[in-house]
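Examining the three-dimensional arrangement
Chain by chain, the residues:
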Amino acid sequence: MLRFILKPDRDKSIRQRHPWVFSGAVARRSGPVHPGETVDIVSSEGVWLARGTASTHSQMIARLWTWQRDEELDPSFIRQRIERAIKGREQLHNDPQTNAYRVIFSESDGLPGLIVDRFADWLVVQLLTQGAVAHTAIIVEALAELMPVRGIYERSDVEIRAREGLGEAEGLLWGEAPPDQLTIRENGYEFVLDLAGGQKTGWYVDQRVNRMRVAQYAKNADVLGVFSYTGGFEVLAAGAGATSITAVDSSAAALRGLHTNLAQNGLHTSVTAVEGDAFKILRQLREEGKQYDLIVLDPPKFAHSQSQIDRATRGYKDINMQAFHLLRPGGVLATFSCSGLISADLFQKVVFGAALDAGRDAQIIETLTQGGDHPVLLTFPEAAYLKGLICRVW
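Here the residue index of a chain counts from 1 through its sequence in written order. With pLDDT at 70 or above as the cut-off, local features in this predicted model cover only qualifying residues; side-chain atom pairs require 80 or more to be listed or tallied, and sums for whole chains, interfaces and linings still use all residues. In computing side-chain properties, one takes all heavy atoms of the structure into account and sets aside hydrogens as well as water.

Let's talk about the overall build of the protein chain
Rule in force here: What counts as a helix is a DSSP run of H or I of at least four residues, what counts as a strand is a run of E of at least two, and both are numbered from the N terminus. Working definition: with a 1.4 Å probe on protein chains only, accessible area under 20% of the residue-type maximum means buried, over 50% means exposed, and in between means partly exposed. The contact rule is simple, with two residues in contact once any of their heavy atoms fall within 4.5 Å. Note on areas: Shrake-Rupley, 1.4 Å probe, and residue coverage restricted to the protein chains presented here.
Regarding its fold elements, the protein chain presents 11 helices and 20 strands. Across its three principal directions, the C-alpha atoms of the protein chain cover 65 × 45 × 35 Å. The buried share of the protein chain, taken over its 394 residues, is 54%. Within the protein chain, contacts between residues separated by at least 24 positions form 63% of all contacts whose residues are at least 6 apart in sequence. For the protein chain, the exposed surface amounts to about 17,300 Å²; the carbon and sulfur share of it is 49%.

Here we look at the pairing of strand β5 (residues 48-54)
Here is the rule we go by: Paired strands, as defined in this entry, are two strands with at least two bridges between them according to DSSP.
By the criterion of burial, β5 is predominantly enclosed, with seven of the seven residues buried. Where strand β4 (residues 38-42) lies against β5, five bridges are found, and the strand directions are antiparallel. Considered in β5, the bridge of Asp-40 is made with Arg-51. Taking the residues between adjacent antiparallel strands as the criterion, β4 and β5 are bridged by five residues, where Gly-46 takes a positive phi near 90°. The pairing of β5 with strand β6 (residues 60-66) spans four bridges and is antiparallel. Along β6, the bridge assignment pairs Thr-53 with Arg-63. Here β5 hands over to β6 after five residues, the two strands then running antiparallel side by side.

Overview of the sheet that holds strand β3 (residues 26-29)
So the rule is basically this: Structural elements are reduced to axes, namely lines fitted to C-alpha atoms, with helices fitted over the stretch in contact, and the angle between N-to-C directions of any two is expressed from 0 to 180 degrees.
Read across the open sheet, the six strands follow the order β2-β6-β5-β4-β1-β3; overall the sheet is mixed. Each end of this open sheet is capped by a strand with a single partner; those strands are β2 (20-22) and β3. Each strand of the sheet is rotated relative to its neighbour by a mean of 35°, with strand direction disregarded. The pairing of strand β1 (residues 2-6) with β3 spans three bridges and is classified as antiparallel.

Re the pattern of salt bridges
Note the cut-off: Whenever Lys or Arg places a side-chain nitrogen within 4 Å of a carboxyl oxygen from Asp or Glu, that contact is recorded as a salt bridge.
Throughout the structure, instances matching the rule amount to 20 salt bridges. Across the pair Asp-40 and Arg-51 runs a salt bridge, and its minimum N-O distance is 2.6 Å. Taken together, the residues Asp-40 in strand β4 and Arg-51 in strand β5 connect sequence positions 11 residues apart. In this pair, the class of Asp-40 matches that of Arg-51, namely buried. In this structure, a network of salt bridges that share partners links the residues Asp-40, Arg-51 and Glu-72.

As for the sheet that holds strand β14 (residues 222-226)
Read from one edge of the open sheet, seven strands run β16-β15-β14-β17-β18-β20-β19, paired in mixed fashion. The open sheet has two edge strands, β16 (270-275) and β19 (362-369), and neither has a second partner. Here the average twist between neighbouring strands, direction ignored, is 15°. With four bridges joining them, β14 and strand β17 (residues 292-297) adopt parallel strand pairing. Note that in β17 the partner of Leu-224 across the bridge is Ile-295. Relative to β19, helix α6 (residues 208-215) is tilted by about 150°, and along the sheet it contacts β17, β18 (327-337), β19 and β20 (387-393). Sitting on the sheet, helix α9 (residues 278-287) touches β14, β15 (244-249), β16 and β17, and the angle it makes with β14 is about 155°.

Some remarks on α6
Defined as follows: It is the directions from the helix axis to the C-beta atoms whose arc is reported.
Looking at α6, one finds that the buried residues are Arg-208, Asn-210, Arg-211, Val-214 and Ala-215. Down the axis of α6, the buried set is contained in an arc of 160°. They therefore lie on one face.

Regarding the state of the cysteines
Note the cut-off: Two cysteine sulfur atoms form a disulfide, by the criterion used here, when they sit within 2.5 Å.
Per the stated rule, a full pass over the model turns up zero disulfides. Its sulfur unpaired, Cys-338 is 18 Å from the next cysteine sulfur, which belongs to Cys-391.

A look at the pairing of β14
The following threshold applies: We call a crossover right-handed when, viewed with both strands directed away from the observer, the connection leading from the first strand over the helix to the second proceeds clockwise.
Burial runs high along β14: five of the five residues are buried. Where burial is concerned, the two faces of β14 agree: the one with Asp-222, Leu-224 and Val-226 and the one with Val-223 and Gly-225 are both buried. Where β14 meets β15, five bridges bridge the pair, whose relative direction is parallel. Paired with Gly-225 across the two strands is Ala-247, which belongs to β15. A crossover connection joins β14 to the parallel β15 through helix α7 (residues 232-239); in handedness this β-α-β unit is right-handed.

Here's the deal with α9
To keep it simple, the criterion reads: Polar contacts, as counted here, are pairs of nitrogen or oxygen atoms within 3.5 Å of one another; within protein the pair requires one atom able to donate a hydrogen and one able to accept it, and residues that are adjacent in sequence qualify only if both atoms are side-chain atoms.
Among the residues of α9, Ala-278, Ile-281, Leu-282 and Leu-285 are the ones counted as buried. Buried residues along α9 cover an arc of 105° about the axis, so they all sit on one side. With respect to the buried face of α9, the exposed residues turned more than 90 degrees away are Lys-280 and Glu-287. The secondary structure elements touched by the buried residues of α9 are β14, β15, β16, β17 and α10 (309-326). Sitting at the amino-terminal end of α9 is Asp-277, which places a side-chain oxygen 2.9 Å from the backbone nitrogen of Phe-279. Taken from the residues just after α9, Gly-289 is the one with a positive phi, measuring 75°.

Right under this line is the structure:
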């Protein structure tokens, strides 16, 4: 078997079961490396440490799947890992109010590079590493056997694959293709999705629990939702008794989806949809003297690399400062960051700076994160990417 022999004193993170091996830690290889090939990681003293899959085009030269030498990365192993992940979502499997959630969360479920979301009777899969791609057939077969679904659809049309030397991929992997408009349930509400054309895997399942938490503050409120997409937060706010909703998004199609989802749930709250650049629209609303009781900021990832952190923090500060200006005294701000490179501590400091510059006092009344279907492996803190704060503003 292919072996990566580490440099002296470069094995600490691997012994602590962190699943990433960077090229700078490897002294030499026992032979030529092929994409997604199984590889053993060996210390400079020749001690076997872990087993994973190789990535030939990435600085992250290997992803680790097991620290048990007797475990082979064969169909039985992968099936057991998938079965374990499914069992971990058993409560969601049996919840009649929700049939959209994450089934497999990559490294946190011991399956690096594999994302699987369930949407009603379909699974949407992302294969993000050479190792995951190398095991596609095994993964699809196991999912089809273990999950009672009608089809498995791939949405690996993401830029991160380029770092692995992989092109974007999309299409049916097994069973029936999903309909153009698929209705799912979340927290007892219905949402109409486009699995093939929607963002990410079709829906932001990581905010499922947070949508419920934020909706508690929506009764009799004038609500502003920024980066609203197709209305996850807005639909629940309307269902909770919001007086009015203003939804801001750059996509006209997403805003049409918001109206579709409100109608799907029989909700008739007054809604103003505003298409355009959120940064400019927030300033415009402030110039117009608009005021709101609840503002939700749910932006896309601002930081994709270390070099973008400063720019990202400026962006987060800007939208939060505008939101603080737009809130009535006693109003509530629900603000989020899904940038994994922005720590929870840094995000809180950015929101603090925004409140200070806006001249507003704010209290953190809830701290939010991703749902339990996006678990964080204790040896892999990088999986904790979603941060949220609910603040009361005076």
